[in-house]
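Examining the three-dimensional arrangement
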Amino acid sequence: MSIRLERLTRLLSLRDARGQIVAALAGHLPSIERVALDEAHRRVLAVDVKSPIDLPIGALAACDGYAVRSSDLDVATPQPIELRWLGSRGRNAIRELPPQTCIALTEGEALPAGADALLHGHEATRVGGVVFAHARPRRGQNVLAAGSDCRAGTRLLSVGTRLGPAELGLLAAIGQRELRVYRRPRVALLTLGSELAALGEPLHFGQSHDSNRIALGAWLRQAEVDVHATPTLPDRDDTVIRVLEDVARQSDLIISTGAVRSGLLLPELLTRVGQVFFWKVRMQPGADSLFGRVGDTPMLALPGAPAAAEVALLTLVAPALQLLSGLQPVDPPAHSARLLTPLHKPQALH
């Protein structure tokens, strides 16, 4: 092992390792593209979105009932007040409500001009063409005022927002057809090891199936990245170098598993085609994780053991993916627990 690699085997804390990854990738923002609203689920906004309109654009009924002029009912009498019924909005194009009249509305329908309150259905009795009002709603009662959700010019969503159903519904409500979003990161996934067998093949002595390709690929697709998985690579220098240089030209990030333990292949190779920033992290499983670059493309090399590879992906690869997606990195949740019995570990990590 070279003196350079010996220095890199010093164990970094998980916090320091994540800090180095974040610092190295802070300037690697993805390019921006336009997508239709119905194709934007789980994408990340690249610009703020402001409402071009008041929402709602006019007063709406907040419940089923009768739209009225509140001044018509502001009468000091214990008797129900009679109003002429003009029918239902669904069958009536009336735009202005005359005095001493009412119109039946369902929740969400627009109030005609002049109407400024709504009688609940149980607060009135209709007999033929006459409605008897038993209540005295105040101005604005049971009404969603124009602009009560938002005013034109209001910032609704900020750059870096991951778009889910609620956000897409809001954007549809303001008539947004297209969005400017960050392009999904292109991630190359490499699994290294001559001992790996393809799925479905019989296992011989010392072999194992390439489960990391499936598990890590699923985690990466769940993180909304475009994944390109290469065929399983044998432990041959020339093959690995050729593939690394090839995928580096086409990817925003390289992720590999296997061949990172002391005396094996990858750390030495990476010093020939790029740079190693750190190798070894104070965590178990996943201590043999490496961060470097091939040319200008960042690379995270994870251990080959499946549990270690998944832990390293969730703790070390996650901030890289968040940055390359246009998101702010979020620390993984930490929880404390009390042991019910004493635990002694004779060989702790230092």
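I will try to describe carefully the structure that is included in this document. (Residues numbered from 1 in each chain as written. Predicted model: local features only at pLDDT ≥ 70, side-chain atom pairs only at ≥ 80, totals over all residues. Heavy atoms only, no water.)

1. Some details on the pattern of salt bridges
Any two side chains of opposite charge can pair, given that their charged atoms come close. Filter applied, for reference: Should a side-chain nitrogen of Lys or Arg be within 4 Å of a carboxyl oxygen of Asp or Glu, the pair is scored as a salt bridge. Each helix is a run of DSSP H or I of at least 4 residues and each strand a run of E of at least 2, with the numbering of both proceeding from the N terminus. For the exposure calls, accessible area comes from a 1.4 Å probe over protein chains only, and a residue counts as buried if that area is under 20% of its type's maximum, exposed if over 50%, partly exposed in between.
All told, the structure shown has 14 salt bridges when counted by the stated rule. Where glutamate 224 meets arginine 42, a salt bridge forms, and the shortest distance between an N and an O atom there is 3.7 Å. Here arginine 42 lies in the loop between β1 (32-36) and β2 (49-50) and glutamate 224 lies in the loop between α4 (211-222) and β16 (226-229), a separation of 182 residues in the sequence. Given a relative accessible area of 17%, glutamate 224 falls into the buried group. Judged by its relative accessible area of 30%, arginine 42 is partly exposed. Arginine 186 serves as the salt-bridge partner of aspartate 252, at 3.5 Å between the closest nitrogen and oxygen. Within this pair, whereas aspartate 252 is found in the loop between α5 (237-248) and β17 (253-257), its partner arginine 186 is found in strand β13 (residues 186-191), the two being separated by 66 residues in sequence. Taking relative accessible area as the criterion, aspartate 252 reaches 19% and is therefore assigned buried.

2. Side note on the nonpolar core
Filter applied, for reference: Definition of nonpolar core: a set of buried residues of the types Ala, Val, Leu, Ile, Met, Phe, Trp, Tyr and Cys, connected through side-chain atoms within 4.5 Å. Working rule for contacts: check all heavy atoms of both residues, and any pair within 4.5 Å makes them a contact.
Among the nonpolar cores identified, the biggest contains 27 residues, and Ile21, Leu220, Ile255 and Leu302 are the most heavily contacted of them. Taken together, the elements giving at least two residues each to this core come down to α2 (14-25), β13, α4, β17, β20 (297-302) and α7 (306-324). Not counting residues within four places of it along the chain, the set of residues in contact with isoleucine 21 comprises Phe278, Phe291, Leu300, Leu316 and Ala320.

3. Section: the packing of α5 against helix α6 (residues 266-273)
Stated precisely, the cut-off is as follows: Note on method: axes are straight lines fitted to C-alpha atoms, helices fitted across the in-contact stretch only, with angles between N-to-C directions ranging 0 to 180 degrees. Oblique is the label for every angle not falling under 35 degrees (roughly parallel), over 145 degrees (roughly antiparallel), or within 65 to 115 degrees (roughly perpendicular). Helix crossings fall into two classes, left-handed where the near helix is turned counterclockwise from the far one by less than a right angle and right-handed where it is turned clockwise.
Remark: α5 packs on α6, axes separated minimally by 11 Å, with the N-to-C direction vectors making an angle of 50°. The pairing of α5 with α6 is recorded here as oblique in orientation. In this structure, the crossing between α5 and α6 has a hand that is right-handed. For the pair formed by α5 and α6, the contact residues are Asp237, Val240, Ile241, Leu244 and Glu245 on the first element and Leu266, Leu269, Arg272 and Val273 on the second.

4. A look at the side chain of threonine 239
Assignment of secondary structure puts threonine 239 in helix α5. Exposure remark for threonine 239: the relative accessible area of 10% places this residue in the buried category. In contact with threonine 239, not counting residues within four places along its chain, are Leu233 and Pro234.

5. Focus: the packing of aromatic side chains
Formally: Aromatic pairing here means that ring centres of Phe, Tyr or Trp (its six-membered ring) are within 6.5 Å. Orientation follows from the plane angle: under 30 degrees is stacked, over 60 is edge-to-face, and everything else is tilted.
Evaluation of the coordinates by the stated rule reveals two aromatic pairs. Judged by centre distance (5.2 Å) and plane angle (45°), the ring pair of phenylalanine 277 and phenylalanine 291 falls under tilted. Separated by 14 residues along the polypeptide, phenylalanine 277 in strand β18 (residues 274-279) and phenylalanine 291 in strand β19 (residues 290-294) bring together distant segments of the chain. What makes phenylalanine 291 buried here is its relative accessible area of 1%. Seen from their ring centres, phenylalanine 278 and phenylalanine 291 are 5.8 Å apart, and the 45° between their planes marks the pair as tilted. Linking phenylalanine 278 in strand β18 with phenylalanine 291 in strand β19, this pair joins segments that are 13 residues apart in sequence.

Everything listed is a geometric property; what it means functionally is a separate question.
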